[in-house]
Amino acid sequence: MVSGERSTGQNDRVNMSLFQAVKEVVDTREAAEVYGLEVNNSGMAICPFHDDNNPSMKVDERYHCFACQADGDVIDFVANYFELSKIDAVKKIAKDFGIEYQSVGYKKQKSIKQVNRPKPIRKEISIDNEFNKCIRTYNNILCDYRDLLESYKIVFAPNCGDEELHPMFVKAIKKIDFVDYLIDLANGTTEEKIILLMQYESEVKNYGKISDSIRQKIS
Ligand SMILES: [Zn+2]
């Protein structure tokens, strides 16, 4: 393999991770609102992709127009809305929402939403001890699992001159990005903690099982 090919591969991996990061951090509704679409309480908006008079587009994590059948995820939305290629759409979202890709993870910086728009009125959520206890448990599981992935990264690290990266090494790198995101949620705002509990319960429990089974094998 010539060195040029290897670096292209690396770019592809970075691009893929950025795709994943953008989709995990920004949903279509958030992007649509930031880029000027008005979304009503039922999550409907005037479709920008056909001559729409009544809101016919449902916007949530994805978008779907019941009139013209326009449909897709946040990247498709931004690509079509601004007539960009998908990769340019990803770059635009990453820039506008301050998603910074780093080789060991990604994080959401201050978004334009936070900079330019009034803060949404936050619903008062009473946080009882059970909630905090659960978040602490999740955070511990995630940190344990992250340590495990870090150890995979070392054990399966490529030797210099290796042609191919070990699949476990690649898997660990990709997974660490995602686990970092979940750890960010666990240490984030109340809303982010709720997202972690509601949307990622099965992932976190699964990581707990994996860490436990590895621990049993070692001891
Ligand atoms: Zn439409």
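Residues numbered from 1 in each chain as written. Predicted model: local features only at pLDDT ≥ 70, side-chain atom pairs only at ≥ 80, totals over all residues.

Draft legend 1. Here's a closer look at the overall build of the protein chain. When its secondary structure is counted, the protein chain shows nine helices and six strands. Counting the 219 residues in the protein chain, one finds 22% classified as buried. Looking at the protein chain alone, contacts between residues at least 24 apart form 50% of all its contacts between residues at least 6 apart. (Helix = DSSP H or I, 4+ residues; strand = E, 2+ residues; numbered from the N terminus. Buried ≥ 20, exposed ≤ 12 C-beta atoms within 10 Å, placed from the backbone. Contact = placed C-beta atoms within 7 Å.)

Draft legend 2. A look at the nonpolar core. In this structure, Val-22, Val-74, Val-78 and Ile-93 are the most contacted members of the largest nonpolar core, which totals 26 residues. Taken together, the elements giving at least two residues each to this core come down to α1 (3–25), α2 (28–34), β2 (57–59), β3 (63–65), α3 (74–81) and α4 (86–96). Of the residues forming this core, the biggest block, five residues, is contributed by α3. Those residues in contact with Val-74 that lie beyond four places of it in its chain are Val-22, Lys-23, Val-26, Asp-27, Thr-28, Ala-31 and Ile-93. (Core = buried A, V, L, I, M, F, W, Y, C linked by C-beta atoms within 7 Å.)

Draft legend 3. Spatial organisation of the packing of α3 against α4. Contact geometry of α3 with α4 gives a least axis separation of 8 Å together with a crossing angle of 105°. Comparing the axis directions of α3 and α4 gives the class roughly perpendicular. Together, Val-74, Ile-75, Val-78 and Ala-79 of α3 and Lys-86, Ala-89, Val-90, Lys-92 and Ile-93 of α4 make up the contact between the two elements. Grouping the constituent residues of the contact of α3 with α4 by class yields seven nonpolar, no polar and two charged. (Axes fitted to C-alpha atoms, helices over the stretch in contact; angles between N-to-C directions. Parallel < 35°, antiparallel > 145°, perpendicular 65-115°, else oblique. Nonpolar A, V, L, I, M, F, W, Y, C, P; charged D, E, K, R; others polar.)

Draft legend 4. Spotlight on the sheet that holds β3. On the basis of which strands lie adjacent, the open sheet formed by four strands has the order β1-β2-β3-β4 and antiparallel pairing. Each end of this open sheet is capped by a strand with a single partner; those strands are β1 (44–45) and β4 (71–72). Across three bridges, the pairing between β2 and β3 is antiparallel. Paired with Lys-58 across the two strands is His-64, which belongs to β3. (Pairing = 2+ DSSP bridges.)

Draft legend 5. Main features of the packing of helix α6 (residues 129–155) against helix α7 (residues 167–186). Put simply, α6 and α7 touch, their axes get as near as 9 Å, and they point 160° apart. By the angle between their directions, the pair α6 and α7 is classed as roughly antiparallel. α6 and α7 meet at a crossing whose hand is left-handed. Taking contact as the criterion, the partners of Ile-135, Tyr-138, Asn-139, Leu-142, Cys-143, Tyr-145, Arg-146, Leu-149, Tyr-152 and Lys-153 in α6 are, on α7, Met-168, Phe-169, Ala-172, Ile-173, Lys-175, Ile-176, Val-179, Leu-182, Ile-183 and Ala-186. Along the lines of polarity and charge, the residues of the contact of α6 with α7 split into 16 nonpolar, one polar and three charged. (Left-handed = near helix turned anticlockwise from the far one by under 90°.)

Draft legend 6. Fine view of the environment of Cys-143. With respect to the secondary-structure elements, Cys-143 resides in helix α6. Since 14 C-beta atoms lie within 10 Å of it, Cys-143 is described here as partly exposed. Taking the C-alpha atoms as reference points, Cys-143 and Asp-180, separated by 37 residues in sequence, lie 8.8 Å from one another.

Draft legend 7. Up close: the environment of Pro-48. Tracing the chain through its elements places Pro-48 in the loop between β1 and β2. A residue is classified by how many C-beta atoms lie within 10 Å of it, and Pro-48, with 17 of them, is partly exposed. Sequence spacing of Pro-48 and Tyr-81 is 33 residues, and the spatial spacing of their C-alpha atoms is 7.3 Å. If sequence neighbours within four positions are ignored, Pro-48 has contacts with Leu-37 and Tyr-81.

Note that every value here comes from positions in space, so none of it alone points to a role or purpose.
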